[in-house]
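A structural walkthrough
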Amino acid sequence: MSDDDLARRRSALRALLKRPLLTVESDPEDLVLVRRHQSELRDWLNRETGWRLQVDAETARLFKTAPTLDDGTHPVRGKAGEPFGRRRYVVLCLALAVLERADAQTTLGRLAEEVLNAAAEPDLAFPFTLDSRAERADLVAVVRLLLGWGVLRRVSGDEESYLSASGDVLYDVRRIVLASLLTGARGPSTVAAAGFEERLAELTDEPVPDTDELRNRALRHRLTRRLLEDPVVYYGDLDDAERGYLVSQRVAITRRIEEATGLVPELRAEGIAMVDPDDELTDVRMPEQRTDGHVTLLVAEYLAERSEAGRDELESFVRDAAARHRSFWRKGVTEPGAESELLDIALGKLVALRLVEARPDGRVLARPAIARYAVDEPTIRDRGKAER
């Protein structure tokens, strides 16, 4: 295979990792690449990750599975970047269930009515009424997410008119995309557990192989998934079998990932990070411009110099930083209480990037990878000696 073909196949895999659902409308060029290299991509993904790839004329769907079930640091985000909360996630599930039974076209008003009916079912009894603008905004955020995924196609109208109660919106329902959304090791109707955590575990459970070869393959799949999905994989976060396998196979595993994706391995005593030189395969970037990005970088530098800090200490640090940088940061950063909001944003990013651990008691612990943000003392060179 030529270097150009290898580069195009790498681009196709990166497109799938960045956006696991590609459609002919939103990602036409990437879809063409994936279709052209689907055989090689399917073989690599099956061998290294155990993930399934489904490709047709209109879509390409990579059925990724989460490396862990307890990570809430990468939520779905709305148009303004706000994270989805529990209510929006429930509305999303209800909307998908409603659309499964909908006609080829529907309106936002009709969808709202059917979501309300579903929420009122005795087995659910979810308190959702659409009486407030906030609840209507939640439904609109869900609809816009489905538009972005390609489940819905807007025919006429706009969501703002629905929010202001001055109009409605007509959509096409794209069943081929809707049918490819659900991912998991088994169908939800076969899950018998009662509690949420137990149901989630059962939904994603994969059978444990009974031979050494198959167990090692399952370990390779789990670890490759984590290296592709998580910003940093710490050895201390793995169980004994995972840790032993990764330590012995880290060079081979990371080399295969680098060849297929272009991610560059950074191997340290504490763990491994697969770094993206192009800064594309992430939903949390650092460093970033603007106020939030600058605050996050400053907090990272502060924590890199110490093993931990308390909430009050960090708020005081952010308050002082706001006073120093107020002419460059957005308005209101020096108002009372602003430091708490700025700190929450910064810590949210740092936790998501596995750079810190935020404890329930308010303490923030620095994790090893944050050392890269430590600022060294400036070195003054003797110019005369350097020139001799």
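Heads up: the structure comes first, above all this text.
Attention in this report is confined to the structure presented alongside it. (Residues numbered from 1 in each chain as written. Predicted model: local features only at pLDDT ≥ 70, side-chain atom pairs only at ≥ 80, totals over all residues. Heavy atoms only, no water.)

Attention now goes to the nonpolar core. If you look at the biggest cluster of nonpolar residues, it comprises 37 residues, and the most contacted ones within it are Leu99, Leu108, Val115, Leu146 and Leu152. Taken together, the elements giving at least two residues each to this core come down to α4 (86-100), α5 (108-119), α6 (133-149), α7 (159-163), β6 (170-173) and α8 (175-178). Per-element accounting of this core gives the leading share, eight residues, to α6. Membership of the second largest hydrophobic core comes to 33 residues, among which are Met286, Ala300, Leu343 and Ala352. (Core = buried A, V, L, I, M, F, W, Y, C linked by side-chain atoms within 4.5 Å. Buried < 20%, exposed > 50% of the residue type's maximum accessible area, 1.4 Å probe, protein only. Helix = DSSP H or I, 4+ residues; strand = E, 2+ residues; numbered from the N terminus.)

Turning our eyes to something else, we now look at the environment of leucine 147. Position of leucine 147 among the secondary structure elements: in helix α6. Considered as a pair, leucine 147 and valine 173 are 26 residues apart in the sequence and their alpha carbons are 9.8 Å apart.

Looking at chain direction, strand β4 (residues 105-107) and β6 are connected through three bridges and run antiparallel. Bridging across to β6, glutamine 105 finds its partner in aspartate 172. Two strands pair when backbone bridges link them, and strand β5 (residues 152-156) and β6 are joined in this way by four bridges, in the antiparallel orientation. Pairing of arginine 153 across the sheet is with aspartate 172, part of β6. (Pairing = 2+ DSSP bridges.)

Looking now at the packing of aromatic side chains. Within the structure shown, the criterion is met by three aromatic pairs. When the ring of phenylalanine 126 is compared with that of phenylalanine 128, the centres are 6.4 Å apart and the planes differ by 25°; the resulting orientation is stacked. No difference in accessibility class separates phenylalanine 126 from phenylalanine 128, as the two residues are buried. In this structure, arginine 61 packs its charged tip against the face of phenylalanine 63, placed 5.0 Å from the ring centre. The ring of phenylalanine 84 is capped by arginine 88, whose NZ or CZ atom sits 5.3 Å from the centre of that ring. (Phe/Tyr/Trp six-rings, centres within 6.5 Å; stacked < 30°, edge-to-face > 60°. Lys NZ or Arg CZ within 6 Å of the ring centre and 35° of its normal.)

Strands sit in the order β10-β12-β11 across an open sheet of three strands; the sheet is antiparallel. Strands with a single pairing partner mark the edges of an open sheet, and in this sheet they are β10 (308-309) and β11 (356-358). When β11 meets strand β12 (residues 364-366), the two strands line up antiparallel, connected through three bridges. Bridge pairing in β12 places valine 356 opposite alanine 366.

Moving on, we get to unusual backbone geometry. Its identity is not glycine, yet alanine 125 carries a phi of approximately 50°, on the positive side. Assignment of secondary structure puts alanine 125 in the loop between α5 and α6. Exposure remark for alanine 125: the relative accessible area of 52% places this residue in the exposed category. A positive phi angle is found at aspartate 279, which is not glycine, with a value near 55°.

Here we take up the pattern of salt bridges. Side-chain pairs of opposite charge can arise whenever the charged atoms involved come near each other. Applying the stated criterion to the full structure yields 39 salt bridges. Between arginine 363 and aspartate 361 there is a salt bridge; the shortest N-O distance is 3.0 Å. Classification of arginine 363 by relative accessible area gives partly exposed; the value is 28%. Salt bridges linked by common partners bring Glu25, Glu58, Arg153, Asp172 and Arg174 together as one network. (Salt bridge = Lys/Arg side-chain N within 4 Å of Asp/Glu carboxyl O.)

This part takes up the side chain of aspartate 27. Here aspartate 27 is to be found in the loop between β1 (21-23) and α2 (28-36). Judged by relative accessible area, aspartate 27 falls into the buried class, the value being 10%. At 2.6 Å, the side chain of aspartate 27 and the side chain of serine 26 are in polar contact. Aspartate 27 has contacts with Arg19, Leu21 and Leu22, leaving out every residue within four places of it along the chain. (Polar contact = N/O pair within 3.5 Å; in protein donor to acceptor, adjacent residues only side chain to side chain. Contact = heavy atoms within 4.5 Å.)

Time to look at the packing of helix α10 (residues 212-229) against helix α11 (residues 240-261). Across the interface, α10 lies against α11 with an axial gap of 9 Å and an inter-helix angle of 60°. Looking at the two axes, α10 sits oblique to α11. You can see that α10 and α11 cross each other, and the crossing is right-handed. Together, Asn216, Leu219, Arg220, Arg222, Leu223, Thr224, Leu227 and Leu228 of α10 and Ala241, Glu242, Tyr245, Leu246, Ile253, Thr254, Arg256, Ile257 and Thr261 of α11 make up the contact between the two elements. Tallied by class, the residues present in the contact of α10 with α11 amount to nine nonpolar, four polar and four charged. (Axes fitted to C-alpha atoms, helices over the stretch in contact; angles between N-to-C directions. Parallel < 35°, antiparallel > 145°, perpendicular 65-115°, else oblique. Left-handed = near helix turned anticlockwise from the far one by under 90°. Nonpolar A, V, L, I, M, F, W, Y, C, P; charged D, E, K, R; others polar.)

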